[in-house]
Amino acid sequence: MLFYAGIMKFQPIYLLLLLIVFLGCLDTIDFKRPDTIENGIAIQGKLTKGNPSTIRVTIRELFNFKERDGFLNAKSVVLQDERGNETTISSSREGVHEQELTDFPIDYGVGYKVIVTTFDNRTFESSFESILSVPTPEKLEPKFVERERITRKGRKELIEVLSFNISTPLASQQDEPNSRILWELVSTYKLTDDDLKICYVDLPPFKNYIPFDGTTSSSSKVEDMLLFETLPLSIFSEGYYFSVLQQSLSETAFAYWSQVNIINNRTGTFFEPPIGNITSNFFNVDNREAATFGFFYATEEKIIRTYIPPELVGNPTKSCPCDCFFTEGARFDKPSWWVE
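The paragraphs below set out a description of the structure included in this document. Each residue is numbered by its place in its chain's sequence as written, counting from 1. pLDDT decides what is reported in this predicted model: residues at 70 or higher carry local features, side-chain atom pairs at 80 or more are listed and counted, and totals for whole chains, interfaces and linings draw on all residues regardless. Each side-chain value is derived from all of the structure's non-hydrogen atoms; neither hydrogens nor water enter the calculation.

## Section: the overall build of the chain
Then, in step 1: The helix count covers DSSP runs of H or I at least four residues long, the strand count covers runs of E at least two residues long, and both are numbered beginning at the N terminus. Summing up its helical and strand segments, the chain has 4 helices and 20 strands in all.
Then, in step 2: Here the contacts in the chain between residues at least 6 apart in sequence split such that 68% fall between residues at least 24 apart.
Then, in step 3: Per-residue accessibility takes into account occlusion by the displayed protein chains alone, with areas from the Shrake-Rupley method and a 1.4 Å probe. Accessible surface, the chain: about 20,500 Å² in total, of which carbon and sulfur atoms supply 54%. Residues count as neighbours in contact if any of their non-hydrogen atoms are within 4.5 Å of one another.

## Section: the state of the cysteines
Then, in step 1: When two cysteine sulfur atoms are found within 2.5 Å, that pair is recorded as a disulfide. All chains considered together, the criterion is met by 1 disulfide.
Then, in step 2: Here Cys-199 pairs with Cys-324 through a disulfide, and the sulfurs are 2.1 Å apart. Its torsion about the S-S bond being -80°, the disulfide of Cys-199 and Cys-324 is classed as left-handed. Here Cys-324 lies in the loop between β19 (293-308) and β20 (330-331) and Cys-199 lies in strand β14 (residues 198-203), a separation of 125 residues in the sequence. In terms of burial, Cys-199 and Cys-324 fall into one category: buried. Partly exposed describes any residue whose relative accessible area lies between the buried limit of under 20% and the exposed limit of over 50%, with all areas from a 1.4 Å probe on protein chains only and scaled to the type maximum.

## Quick word on unusual backbone geometry
Then, in step 1: Across the junction of Asn-51 and Pro-52, the peptide omega takes the value 5°, indicating a cis bond.
Then, in step 2: Among the secondary structure elements, Pro-52 is positioned in the loop between β1 (41-49) and β2 (53-61).
Then, in step 3: Residue Leu-196 is not a glycine yet carries a positive backbone phi of 65°.

## Quick notes on the pattern of salt bridges
Oppositely charged side chains may form a pair once their charged atoms are brought near each other.
Then, in step 1: Salt bridges are defined by distance alone: a side-chain nitrogen of Lys or Arg within 4 Å of a carboxyl oxygen of Asp or Glu. Evaluated as defined, the whole model comprises 20 salt bridges.
Then, in step 2: Between Lys-197 and Asp-195 there is a salt bridge, with the nearest N and O atoms lying 3.3 Å from each other.
Then, in step 3: Overall, Asp-195 belongs to the exposed group, its relative accessible area being 54%.
Then, in step 4: Residues joined in a network through salt bridges with shared partners are Asp-193, Asp-195, Lys-197 and Asp-323.

## Focus on the packing of aromatic side chains
Then, in step 1: Between rings of Phe, Tyr and Trp, where Trp is taken as its six-membered ring, a pair exists when centres lie within 6.5 Å; planes separated by under 30 degrees are stacked, by over 60 edge-to-face, and by other angles tilted. One pass over the full model with this rule turns up 17 aromatic pairs.
Then, in step 2: Judged by centre distance (6.3 Å) and plane angle (20°), the rings of Phe-164 and Phe-228 are stacked. Linking Phe-164 in strand β12 (residues 156-169) with Phe-228 in strand β16 (residues 221-230), this pair joins segments that are 64 residues apart in sequence.
Then, in step 3: Taking the relative accessible area as the measure of exposure, Phe-164 reaches 0% and is therefore buried.
Then, in step 4: Using a relative accessible area of 18% as the deciding quantity, one classes Phe-228 as buried.

## Notes on the environment of Phe-144
Then, in step 1: Looking at the secondary structure, you find Phe-144 in strand β11 (residues 139-150).
Then, in step 2: Residues Phe-144 and Ser-163, 19 residues apart in the sequence, show an inter-C-alpha distance of 6.1 Å.
Then, in step 3: Beyond its immediate chain neighbours, meaning those up to four positions away, Phe-144 contacts Glu-160, Val-161, Leu-162, Leu-312 and Val-313.

## As for the sheet that holds β11
The strands making up a sheet associate through backbone hydrogen bonding, with each pair oriented either parallel or antiparallel.
Then, in step 1: Following DSSP output, two strands are said to pair if at least two bridges run between them. If you trace the 3 strands from one edge of the open sheet to the other, you get β11-β12-β16, paired in antiparallel fashion. Lying at the two open borders of the sheet, with one neighbouring strand each, are β11 and β16. Adjacent strand axes in the sheet meet at a mean angle of 35°, parallel and antiparallel pairs treated alike.
Then, in step 2: For β11 and β12, the ladder comprises 12 bridges, and the chain directions are antiparallel. Considered in β12, the bridge of Arg-147 is made with Ile-159. Axes, fitted as lines to C-alpha atoms, cover a helix only where it is in contact. Angles between the N-to-C directions of the axes lie from 0 to 180 degrees.

## Some details on a nonpolar patch on the surface
Then, in step 1: Taken together, Phe-325, Phe-326 and Phe-332 make up a surface patch of nonpolar side chains, about 420 Å² in accessible area.
Then, in step 2: Positionally, Phe-326 belongs in the loop between β19 and β20. Like-charged residues within 9 Å of one another, or nonpolar side chains (Val, Leu, Ile, Met, Phe, Trp, Tyr) within 5 Å, are grouped into patches, provided each residue has over 30% relative accessible area and no salt bridge.

## A word on the side chain of Asp-81
Then, in step 1: As for its placement among the helices and strands, Asp-81 is situated in strand β4 (residues 74-81).
Then, in step 2: Accessibility expressed as a relative area gives 1% for Asp-81, which makes it buried.
Then, in step 3: In this structure the side chain of Asp-81 is engaged in a polar contact, spanning 3.0 Å, whose partner is the backbone nitrogen of Gly-84.
Then, in step 4: Beyond its immediate chain neighbours, meaning those up to four positions away, Asp-81 contacts Phe-104, Val-110, Gly-111, Tyr-112 and Phe-128. Any N or O atom pair separated by 3.5 Å or less is treated as a polar contact, with the protein-specific requirement of one donor-capable and one acceptor-capable atom, and with residues adjacent in sequence counted only for side-chain atom pairs.

Honestly, it's all geometry; don't read function into it.
Structure below.
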């Protein structure tokens, strides 16, 4: 009590000293926002040769210190090949342009690029990317393996996890060289919500893009390579599919996805390569010095899937409550490949 009274007695003196310290030592610092961030744009594009061929381009406005990252509407998105053919890609929703290419020729060895024009009349153009053939994967095998982990009490214990392993040739034809490959991973599970609605939910794993450079391998194929491991979680309770989208990559596309993979899998040790700017093949047509982020690539894609019935993983309990309408990645139409 005496201490509190002493403080109150000298309170005006303390306030004066504090004002002198703050006013005398602190200057206003104006942080200028980097122009490349404040006006930045990130474009991701993927052209897939198939039956039918498809294209998907997303445009985002980079974080500008005022608002969160968000999709950005574009005035136009155009796909053009090196022969002069071009087609405008329709917008399916804000910041996303995608469609099937039924009347536009997509061929091996032909260069394709994307041209994006924004509503503030900026034009961004990618370099040409050619489509290479991709090997057909042979096997996607799920199996249980034991892994060691450390408990909260610092003890070691063995747990059983479900692993997914792929086997594939590295060349699309016997007389062709090995390919650069990208494995895109997707988990899909069946969900019956609290209102008894059934939906199917796409859930990409945390590490869902894995590049592999077959051109540096002395082998003609990959055998039983580990892609993903998971505990038997609640998403297995009604059925689960693990899908691998095996894609061909050009040398530049492989360099891009390799850089993305390094950043996504950093552990924070001193032995890791330093983070730098990720390669982009987009540029601002009117200002080549302005930083543009993202990448456009063209690929052929072969898909392999494996189904995990609930009983295989011990019939895990479904997590509740749940609502298909508010579950990200949910769709009500049953996929054509879903077979239980």
